[in-house]
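Here is what each chain is made of, one letter per residue.
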Amino acid sequence: MSKSNVFRIIVLLAIVAGSLSLGAKPASALPYDVGWQDPEWVCEDFYGGYYAGDLVCVFTTDTWYWGLAYYVSQGFYLGGFSEYVGDVWEDLGCPLDEGIAFEMARYQAGPYPDQYYYDLYKFIGCYVVDPGVGDRTGDDEGAGTLSLKPPRNGMMNYDAGTCDANNCRITPALPHGAAADLGTIPGGADATLYVNLGGGTGSYTACFYGEGTIYQYISGLWQSIATSIGGGMSCASASGDGSFAFSEN
């Protein structure tokens, strides 16, 4: 796959993802929700990447697979997506343990100052992701924590044995059904978290920054679950894979 073809695919994915989320062509969906006017929100909450600041959005092999792959699966199937991820890294010349960085561009979508949005624009190079930005995978016999970048989204605190040889993962990108039904949550969702235990069945707590109610997607429905509040965070106990959403008070 040539680099030019990779760029075309990436741009196509960005356009498709934006259209699916907004339910309309960008030019007809004005004014944009305030989230789309925040490059960090677009990078982390929509695409599932790391926001490195200065309009740079970084995808690692984990965030690319768990974030952007979800949007692809909504509209069409590329086939062998994990192999495709490897092809992208090879074509762009980035080591698999480094991220690929994209410049984000501000697009004016209407005649008024508040009618604009941010989106991915072009590949600008390889990027070494600082582990402190937010670990997303775990393989630890003991107890531990996986956290997305605060104050966005949330974290999971897992018990000993939960991630033992299971490579736990967390991401803000929800599976299709859960994401499509977010509008059924009273007051809407302020943050989302998907926990995948890689086949494990251990227990953990899902936490979000702020005080409010945590919802879990159970049997095709978003249901409020017992939420404890303290220390500026809201937490709920869970086990197995799970999709969670947070509605702040």
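This text goes with the structure placed above it.
## Digging into helix α2 (residues 39-46)
Inference 1: Burial runs high along α2: 7 of the 8 residues are buried.
Inference 2: Among the residues making up α2, those that are buried are P39, E40, V42, C43, E44, D45 and F46.
Inference 3: Residue D38 occupies the N-cap position of α2, its side-chain oxygen lying 3.0 Å from the main-chain nitrogen of E40.
Inference 4: Of the residues one or two after α2, G48 is the one with positive phi, at around 75°.

## Some points on the environment of M233
Inference 1: Along the chain, M233 turns up in strand β14 (residues 233-239).
Inference 2: Taking relative accessible area as the criterion, M233 reaches 16% and is therefore assigned buried.

## Focus: the pattern of salt bridges
Pairing between side chains of opposite charge can happen when their charged atoms approach one another.
Inference 1: Taken as a whole and judged by the stated rule, the model has 1 salt bridge.
Inference 2: Residue E103 is joined to K122 by a salt bridge in which the shortest nitrogen-to-oxygen separation is 3.9 Å. With E103 in strand β3 (residues 99-108) and K122 in strand β4 (residues 116-127), this pair connects stretches of sequence that are 19 residues apart.
Inference 3: For K122, a relative accessible area of 40% translates into the label partly exposed.

## A look at the state of the cysteines
Inference 1: Per the counting criterion, the structure on display carries 3 disulfides.
Inference 2: Through a disulfide, C94 is tied to C126; the S-S separation comes to 2.2 Å. Between C94 and C126 the disulfide shows an S-S torsion of about -95°. By sign, it is left-handed. On the criterion of sequence distance, the pair formed by C94 in the loop between α4 (81-92) and β3 and C126 in strand β4 is long-range, its members being 32 residues apart.
Inference 3: Of the residues examined, C94 reaches a relative accessible area of 6% and is grouped as buried.
Inference 4: Its relative accessible area of 35% is what places C126 among the partly exposed residues.

## A closer look at unusual backbone geometry
Inference 1: Positioned with a positive phi, D54 is a non-glycine residue whose angle comes to about 55°.
Inference 2: Relative to the assigned elements, D54 resides in the loop between β1 (50-53) and β2 (56-59).
Inference 3: In this model, S219 sits at a positive phi of 50°, which is unusual for a non-glycine residue.
Inference 4: For S219, a relative accessible area of 74% corresponds to the exposed category.

## Remarks on the sheet that holds β1
Inference 1: Strand order in the open sheet made by the 4 strands is β1-β2-β3-β4, with antiparallel pairing throughout. Each edge of the open sheet is held by one strand with a lone partner, namely β1 and β4. Pairs of neighbouring strands in the sheet enclose a mean axial angle of 35°, with direction left out of account.

What counts as what
Residues numbered from 1 in each chain as written. Predicted model: local features only at pLDDT ≥ 70, side-chain atom pairs only at ≥ 80, totals over all residues. Heavy atoms only, no water. Buried < 20%, exposed > 50% of the residue type's maximum accessible area, 1.4 Å probe, protein only. Helix = DSSP H or I, 4+ residues; strand = E, 2+ residues; numbered from the N terminus. Polar contact = N/O pair within 3.5 Å; in protein donor to acceptor, adjacent residues only side chain to side chain. Salt bridge = Lys/Arg side-chain N within 4 Å of Asp/Glu carboxyl O. Disulfide = S-S within 2.5 Å. Pairing = 2+ DSSP bridges. Axes fitted to C-alpha atoms, helices over the stretch in contact; angles between N-to-C directions.

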